Amino acid sequence: TSSPIAMVGVLPPDLLERDRDRPFDPAPGLLERRDAPAVAPVELRNGARAWLVTGFEEARAVLADPRFSSDRVRHRDATQLGPGESGGTVPDAPPPGERTDGMFVFMDPPEHTRLRSLLVGQFTVRRMRALEDRLTEIAVEHVEAMRAAGTTADLVPSYALPIPSLMICELLGVDYADRAEFQENSAVALNAAAAPEARAAAAGALYSFIAALVARKRAHRDDDLLSGLAHDADPALTDAQLIDVALVLLGAGHETTANMLGLGVYALLENPEQLAALRADPSLIDEAVEELLRFLSIIQLGVSRVATEDVEVGGVTIPAGDTVVVATPEVNRDPRHFPAPDHLDVHRERTPHLAFGHGIHQCLGQQLARIEMRVGLRELIARLPDLRLAVPREQIPLRNDMLIFGVHALPVAWSEGS
Ligand code: HEM
């Protein structure tokens, strides 16, 4: 199975690819639109038309409006189409309520509500807080391993990726020893530049891996989230649903926080006065995490919806069947909503941002992500007081080819005995 994620290849590169000299800012095509209407048509590379939302209030209105559907399969989202394919509802798509799979991020109520409510109880603030001690252990272990091994490291594989990866594996009950297999397969499956056959093979391998895991949890109950879902869901989930739910959580729990940590550290190193402020007053960490989420908005153009009827937003009528793409990086820099939006400011007065989306699909893992970032940044900053980039910034590979922005690698250095 392939998941209906916006295809990077159909998005105009000037809206997606950030400028090498301004890697933390929205892509140049988005910055240019800052004075343009907050909802405007855009032509995708497959020839289809979509509507780009760059204003904060307009984005919030779209995401709160049930007339916009997340069901990209039933209502052919323009970001999913190949050249020459047309949008509009698929005539033979199963009607709502009759879907058997569990990709709830791409569903509408009532199916979405049912699947999501099974999970909400697992992701409470209280339960996530209880993970903080374990997360601290994981973070300390990894930063100490970096120090023990020398005075330089690539922060992505040695710190930013393993922390969220270990955590989601423990939560779900995935054997961390198997991570290489599924990390590689999910990277290939989601890589727009990979050959279609290679992507399909990787997606198939990932699916089989999770299917085997689900079968094990059905046969033997462990003390983890997947076991709980396998045995306690009422009404019971089918295997296909359970596999999809596991795939969504494993995927969403990995790439997102890992990139926020890697890019977040990079942004702090490039804004030394902000890093110094955070070092001087560690109690600012929650503000810093929120500000980094807003400032970096790593989910580039991945939040899209399809209008199920004509809907007016920001003075524009979106015709039924048309796709709306919320440009989160620019939405979170809307000058009408955030004063001095392009400034990273760990003292910024807390204002809600849309980095986790909004409405019924708002990120289920946001408390986990916040705690992972808080602990990850805190331990790194405290234990490596003179952390710095180890290469000139031109050599830091940006994830401009991916829907989830970040850095492919972040070579850093510190002094011995620091
Ligand atoms: C949904 C962002 C971390 C699980 C979303 C959405 C966004 C988002 C923007 C909304 C998608 C939409 O409306 O179409 C982020 C960011 C993260 C992060 C920026 C890290 C900093 C996580 C983690 C998990 C997770 C750690 C862990 C399991 C999910 C799930 C959904 C979701 C399951 C779908 C919710 C639904 O459809 O009801 N995320 N996420 N996310 N996220 Fe996250």
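Residues numbered from 1 in each chain as written. Predicted model: local features only at pLDDT ≥ 70, side-chain atom pairs only at ≥ 80, totals over all residues.

Asks: Can you break down the site of the ligand residue by residue, with the values?
Replies: Of all residues adjacent to the ligand, which total 24 residues, the nearest are Ala252, Thr256, Gly357, Cys363 and Gly365. Put simply, the parts of the chain that give the shell around the ligand at least two residues each are helix H12 (239-270) and helix H16 (366-383). Ranked by the residues each element gives to the shell around the ligand, the list is headed by H12, at 7 residues. The class makeup of the residues in the shell around the ligand is 16 nonpolar, 7 polar and 1 charged. (Near = placed C-beta within 6 Å. Helix = DSSP H or I, 4+ residues; strand = E, 2+ residues; numbered from the N terminus. Nonpolar A, V, L, I, M, F, W, Y, C, P; charged D, E, K, R; others polar.)

Asks: So what about the environment of alanine 64? Which residues, and what values?
Replies: Along the chain, alanine 64 falls in helix H3 (residues 56-64). With 102 residues separating them in the primary sequence, alanine 64 and leucine 166 have C-alpha atoms 33 Å apart. When near neighbours in sequence (up to four residues on either side) are disregarded, alanine 64 contacts His358 and Gly359. (Contact = placed C-beta atoms within 7 Å.)

Asks: How would you summarise the pairing of strand E8 (residues 323-326) if you had to cite specific residues and measurements?
Replies: The two faces of E8 match: Thr323 and Val325 on one face and Val324 and Val326 on the other face are all buried. With 4 bridges joining them, strand E2 (residues 49-53) and E8 adopt parallel strand pairing. Paired with leucine 52 across the strands is valine 325, a residue of E8. (Buried ≥ 20, exposed ≤ 12 C-beta atoms within 10 Å, placed from the backbone. Pairing = 2+ DSSP bridges.)

Asks: Residue-level account of the pairing of strand E5 (residues 303-307), with values.
Replies: Counting buried residues in E5 gives 5 out of 5 residues, a clear majority hidden from the surface. Residue alternation in E5 divides its side chains into two sets, Val303, Arg305 and Ala307 and Ser304 and Val306, and both sets are buried. In terms of strand pairing, strand E3 (residues 68-69) meets E5 through 2 bridges, oriented antiparallel. Pairing of phenylalanine 68 across the sheet is with alanine 307, part of E5. Examined bridge by bridge, E5 and E8 share 4 bridges and lie antiparallel to one another.

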